[in-house]
Protein chains: 2
Amino acid sequence: MEARDFKNFAYGHFTKISKALASPRRFELLDYLSQGPKTVERLASETHMSVANTSQHLQALREARLVVSSKVKNHHYYELADQEVAELLHITKRLAERRFPDVADVRVMETTDGGSVPVMSTSQAMAEVEAGRAVLIDVRAQDEYDSRHLSSALSIPLDKLEERLAELPATKKLITYCRGSYCLYASDAVRLLRSRGFDAYRLDEGPADFAISRERASDEQEDAR
Amino acid sequence: MEARDFKNFAYGHFTKISKALASPRRFELLDYLSQGPKTVERLASETHMSVANTSQHLQALREARLVVSSKVKNHHYYELADQEVAELLHITKRLAERRFPDVADVRVMETTDGGSVPVMSTSQAMAEVEAGRAVLIDVRAQDEYDSRHLSSALSIPLDKLEERLAELPATKKLITYCRGSYCLYASDAVRLLRSRGFDAYRLDEGPADFAISRERASDEQEDAR
DNA sequence: TATCTATTCAAGATAATTATTGAATAGATA
DNA sequence: TATCTATTCAATAATTATCTTGAATAGATA
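Residues numbered from 1 in each chain as written. Chains lettered and ligands numbered in written order. Predicted model: local features only at pLDDT ≥ 70, side-chain atom pairs only at ≥ 80, totals over all residues. Heavy atoms only, no water.

To continue, consider the overall build of chain A. Within chain A, the regular secondary structure consists of 11 helices and eight strands. The dimensions of chain A, computed from C-alpha atoms along their principal axes, are 70 × 45 × 35 Å. Looking at chain A as a whole, 53% of its 225 residues are labelled buried. Looking at chain A alone, contacts between residues at least 24 apart form 63% of all its contacts between residues at least 6 apart. Carbon and sulfur atoms make up 48% of the accessible area of chain A, which amounts to about 10200 Å² in all. In chain A, 32 side chains carry a positive charge and 36 a negative one; their mean positions are 2 Å apart. (Helix = DSSP H or I, 4+ residues; strand = E, 2+ residues; numbered from the N terminus. Buried < 20%, exposed > 50% of the residue type's maximum accessible area, 1.4 Å probe, protein only. Contact = heavy atoms within 4.5 Å. Areas by Shrake-Rupley, 256 points an atom, 1.4 Å probe, with all protein chains shown as cover. Lys, Arg positive; Asp, Glu negative; His and termini not counted. Charge placed at Lys NZ, Arg CZ, Asp CG, Glu CD.)

Structure representation (structure tokens):
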């Protein structure tokens, strides 16, 4: 193989990955998939795309080997092919926030509802929970919770929150979380809870982001040995 | 701002980053830029692109805020806007190798010349150097060495290697490195050195990759505190 | 001032990507 | 077997990206 062919081969493959992430629709699909496996129809309705278009984008993601699919009954489930895909999303978002400060500003504005929704970091939240002063509430859909959730978190999907208020301790902090820093569910939950007198907060990340920080930490412990 | 507008805003910005990485030419430009600042003409000749096309791609990278430029005399120097860009390249490559095993196979085949060029990891190399059994040789261009290099490495650009053989210790291992795992310079150097009787090896990464591993390690030490 | 050099800009042809529509398929369920 | 459901495929039109060519610019140098 000639040197130039080798470079074309390598860069061609690298950009298969980046091309797959280069469409806002596909980026969003991957973002949802980082919460766990989902069917085409579910992804279509969550992203407000047509089913055909969703399917087409999923084909593109599969060609780039970022997702894999499996069949259960007559549903096709798609999921991330590798946890490193979630890491790539994470780093791309972080770089976007660094290079376009507006992005972070708008995120904070929107997810805190202009400052009225207090935010807590995961480490702070963990400390509160361990000290018995707070309870974690996962407000995502049940299957997303089942797929992965923060330890000790309760599952109360946002649309069930109002009818299940009685289950919540009035004397503790309630710390909600959802898919990640750009998801508004936890902010909606905090607003509802605060309007009912609870001391509510939201996390600044979701289980996928948290898993990445954890993994990086353990990678490094291995490297250090 | 409506919830949908917020998502479009956020995903639109995330994909500005990915779109910039989605062309093999631009990916290659960034890869060269991770070795240090370079002029348009230099980048054009290294990537075998026309100057106009190179400039156009650099504009695109600047729009995506992945590079910044500065002017010295009548040369425009471009450089990475953030070290995290190099990290994004690194992770994209790693994921491409995981998902497309051929990429790693071809890389190993090409950079070891079918197995005849022995490869060493950076940690192994560092240990050999510290024990006084090996010398590190940076075979990249002088300005790339000046921009950043592994500590204790000698600078001997590949095209000067033959005339400077007398400077090299015949009793130690010679460990060469270049831009990274996909760069062939170090392999060429090893072939030359071995043909003259030296005990030569190449590193499996370059200074940019090495810096990323280091940074990750120190990030995690901070997190642990 | 004239000229040279490095870079950018503008226009155009070609190719690739996207969303939409409607048809096709494959596997359940009745 | 017939029907239903979830998904994919195929064709189209609209948009966007790419490379080439040649002209324009801005700053050095003579």
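Once you've had a look at it, read on.
As a further point, take the protein's contact with DNA strand D. The environment of DNA strand D is formed by 20 residues, the closest being E41, S55 and Y78 of chain A together with R26 and H57 of chain B. In DNA strand D, the atoms that sit within 4 Å of the protein are 69% sugar and phosphate, with bases accounting for the remainder. A distance of 3.5 Å is found between a phosphate oxygen of DNA strand D and a backbone nitrogen or oxygen belonging to V40 of chain A. In the environment of DNA strand D, a phosphate oxygen lies 3.0 Å from a nitrogen or oxygen atom belonging to the side chain of R26 of chain B. At the level of secondary structure, the elements contributing two or more residues to the surface near DNA strand D comprise α3 (40-47), α4 (51-63) and β3 (75-80) of chain A together with α2 (24-33) and α4 (51-63) of chain B. Within the surface near DNA strand D, the residues separate by chemical class into five nonpolar, 10 polar and five charged. (Near = heavy atom within 4 Å. Polar contact = N/O pair within 3.5 Å; in protein donor to acceptor, adjacent residues only side chain to side chain. Nonpolar A, V, L, I, M, F, W, Y, C, P; charged D, E, K, R; others polar.)

As a further point, take the protein's contact with DNA strand C. Near DNA strand C, the surroundings consist of 21 residues, among which R26 and H57 of chain A together with E41, S55 and Y78 of chain B are the closest. Within 4 Å of the protein, the contacting atoms of DNA strand C are drawn from sugar and phosphate to the extent of 73%. The side chain of R26 of chain A places a nitrogen or oxygen atom 2.9 Å from a phosphate oxygen of DNA strand C. Of the residues in the surface near DNA strand C, the class split is five nonpolar, 10 polar and six charged.

Glancing now at the packing of helix α2 (residues 24-33) of chain A against helix α5 (residues 83-99) of chain A. The relative placement of two packed helices comes down to the angle between their axes together with the axis-to-axis distance. Residue and element names in this part refer to chain A. Where α2 meets α5, the closest approach of the two axes is 10 Å, and the angle between their N-to-C directions is 125°. The angle between the axes of α2 and α5 places the two elements in the oblique class. In the packing of α2 onto α5, the handedness of the crossing is left-handed. Within the contact between the two elements, α2 uses F27, L30 and D31 and α5 uses V85, L89, T92 and K93. Here the residues of the contact of α2 with α5 sort into four nonpolar, one polar and two charged. (Axes fitted to C-alpha atoms, helices over the stretch in contact; angles between N-to-C directions. Parallel < 35°, antiparallel > 145°, perpendicular 65-115°, else oblique. Left-handed = near helix turned anticlockwise from the far one by under 90°.)

Right, let's talk about helix α10 (residues 185-195) of chain A for a bit. One full turn of an α-helix is made of 3.6 residues, so residues set three or four places apart face in the same direction. Residue and element names in this part refer to chain A. All of the buried residues along α10 are A186, S187, A189, V190, L192 and L193. Looking at the buried side of α10, the elements it contacts are α6 (101-111), α9 (158-161), β7 (173-177) and β8 (199-203). Directly after α10, the chain includes G197, whose backbone phi takes a positive value near 90°.

Next up on the list: the sheet that holds β8 of chain A. All names here are of chain A. Strand order in the open sheet made by the five strands is β4-β8-β7-β5-β6, with parallel pairing throughout. Looking at which strands have only one partner, the edges of the open sheet turn out to be β4 (119-120) and β6 (154-155). Of the strand pairs in this sheet, strand β5 (residues 134-138) and β7 are connected by five bridges, and their pairing is parallel. Each bridged residue has a counterpart across the sheet, and for I137 the counterpart in β7 is T176. Packing against the sheet, α10 makes contact with β7 and β8, and its axis sits at approximately 175° to β8. (Pairing = 2+ DSSP bridges.)

Another aspect to go through is the relation of the copies chain B and chain A. Between chain B and chain A, which share one sequence, the superposing operator has a rotation angle of 180° and an axial displacement of 0.0 Å; the RMSD is 0.0 Å. Taken together, the turn and the small shift mark the pair as related by a two-fold rotation axis. In terms of proximity to the rotation axis, the leading residue of chain B is S18 of chain B, whose C-alpha is 2.8 Å off the axis. When the interface residues of chain B are mapped onto chain A, 100% of them again fall at the interface, so both copies present the same face. (Least-squares fit on C-alpha atoms with pLDDT ≥ 70 in both.)

Here α5 of chain A crosses helix α1 (residues 3-20) of chain B at 105°, and the two axes come no closer than 9 Å. It follows from the interaxial angle that α5 of chain A and α1 of chain B lie roughly perpendicular. Here T92, K93, L95 and A96 of chain A of α5 of chain A come into contact with α1 of chain B, specifically with H13, F14, I17 and S18 of chain B. The class makeup of the residues in the contact of α5 of chain A with α1 of chain B is four nonpolar, three polar and one charged.

Along the polypeptide, F9 of chain A turns up in helix α1 (residues 3-20). Residue F9 of chain A is classed as partly exposed on the basis of its relative accessible area of 22%. Considered as a pair, F9 of chain A and L154 of chain A are 145 residues apart in the sequence and their alpha carbons are 48 Å apart. Dropping the residues within four chain positions of it, F9 of chain A is found in contact with D102, V103 and V106 of chain B.

Tallied over the entire structure, the rule returns 10 aromatic pairs over all chains. Considering the side-chain rings of F27 of chain A and F14 of chain B, the 5.3 Å spacing of their centres and the 35° angle between planes classify their relative orientation as tilted. Taken together, the residues F27 of chain A in helix α2 and F14 of chain B in helix α1 connect one chain to another. Between the aromatic rings of Y11 of chain B and F14 of chain B, the centroid separation amounts to 5.6 Å while the plane-to-plane angle is 90°, which identifies the pairing as edge-to-face. With Y11 of chain B and F14 of chain B both in helix α1 and three residues apart, this pair spans about one turn of that helix. As far as the burial class goes, Y11 of chain B and F14 of chain B line up, both buried. Here the guanidinium or amino end of R194 of chain B rests over the ring plane of Y201 of chain B, the centre of that ring lying 5.4 Å away. (Phe/Tyr/Trp six-rings, centres within 6.5 Å; stacked < 30°, edge-to-face > 60°. Lys NZ or Arg CZ within 6 Å of the ring centre and 35° of its normal.)

From the geometry alone we can't say anything about function, so treat these as descriptive.
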